[in-house]
Amino acid sequence: MKTLLTILLFLSSLQVAQSPEDMYGMYDKDGKYREMREKMEQVVQKSEEAKKEEDAKKTRILVVSLLIGLIPVAVVGGNVVRKHSWETSQRGTAEALVIALAGGIVLFAFNYGWFYLKILHEEVFKLVFSLAVIILLVGIGIYVTGKKK
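Cut-off values and rules
Residues numbered from 1 in each chain as written. Predicted model: local features only at pLDDT ≥ 70, side-chain atom pairs only at ≥ 80, totals over all residues. Heavy atoms only, no water. Helix = DSSP H or I, 4+ residues; strand = E, 2+ residues; numbered from the N terminus. Buried < 20%, exposed > 50% of the residue type's maximum accessible area, 1.4 Å probe, protein only. Contact = heavy atoms within 4.5 Å. Areas by Shrake-Rupley, 256 points an atom, 1.4 Å probe, with all protein chains shown as cover. Phe/Tyr/Trp six-rings, centres within 6.5 Å; stacked < 30°, edge-to-face > 60°. Salt bridge = Lys/Arg side-chain N within 4 Å of Asp/Glu carboxyl O. Patch = residues over 30% accessible without salt bridge, like charges linked within 9 Å, V, L, I, M, F, W, Y side chains within 5 Å. Polar contact = N/O pair within 3.5 Å; in protein donor to acceptor, adjacent residues only side chain to side chain.

A. Structural view of the overall build of the protein chain. The helix and strand tally for the protein chain stands at seven helices and zero strands. The order of helices and strands in the protein chain, counted from the N terminus, is α-α-α-α-α-α-α. The proportion of buried residues among the 149 residues of the protein chain is 9%. Taking as baseline every contact in the protein chain between residues at least 6 positions apart, the subset at least 24 positions apart corresponds to 61%. Element-wise, carbon and sulfur atoms account for 69% of the exposed surface of the protein chain, whose accessible area totals about 12500 Å².

B. Geometry of unusual backbone geometry. Phi angles above zero are rare outside glycine, and H84 is one such case at about 50 degrees. What makes H84 partly exposed here is its relative accessible area of 37%.

C. Broad picture of the packing of aromatic side chains. Per the counting criterion, the structure on display carries six aromatic pairs. Between the aromatic rings of F110 and W114, the centroid separation amounts to 5.9 Å while the plane-to-plane angle is 35 degrees, which identifies the pairing as tilted. One end of the pair, F110, and the other, W114, are both in helix α6 (residues 90-120), four residues apart, so they sit about a helical turn from each other. Residue F110 is classed as exposed on the basis of its relative accessible area, which comes to 53%. A connected cluster of aromatic rings, assembled from ring pairs, spans F110, W114, F125 and F129.

D. Expanded view of the side chain of N111. Assignment of secondary structure puts N111 in helix α6. Setting aside its immediate chain neighbours within four residues, N111 contacts S65 and I68.

E. Just the pattern of salt bridges, in detail. Summed over all chains, the structure comprises eight salt bridges. A salt bridge links D55 to K51, with the nearest nitrogen and oxygen atoms 3.9 Å apart. Of this pair, D55 and K51 both sit in helix α3 (residues 32-69), four residues apart, roughly one helical turn. On the basis of relative accessibility, which here comes to 35%, the residue D55 falls in the partly exposed class.

F. Examining a nonpolar patch on the surface more closely. Residues F110, W114, F129, V133 and L137 make up a contiguous nonpolar surface patch of about 480 Å² in total accessible area. Broken down by element, the nonpolar patch gets its largest block of residues, three residues, from helix α7 (residues 122-148).

G. Structural view of the side chain of S65. Examined against the element boundaries, S65 turns out to sit in helix α3. A distance of 3.3 Å separates the side chain of S65 from the backbone nitrogen of Y112, its partner in a polar contact. Apart from residues lying up to four places away in sequence, S65 is in contact with F108, N111, Y112 and F115.

Right, here's the structure in full:
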């Protein structure tokens, strides 16, 4: 009977706190839990904003790289249309368009990688770019010294 009475008193005391604010007041008298929860919410919000900003940058990088990659196809296609080259050499025209398309794909991939590293991963870009410049300078040095002999 005593145990039952204790359980009922405990349950009735839980019902007194009706709102979350009352619950915080009962269990978090110094406000540390609320402060920690607010900091966590701020961190989550900043993380979501950073993700949205990164997605926007990725989209911009993709669009710019795609536009740059389409330049060879547009130039060759424009020449084909202006000069009516398909009338004289259909195979040559097809080969020119395929080569322009392949060049555009390579140009797209290079620009996408370059912008991606430069904008989103600047530290990695500095390292990769520095290594590429050093390798290029060493290669030029080897080529020049080998050619003089």
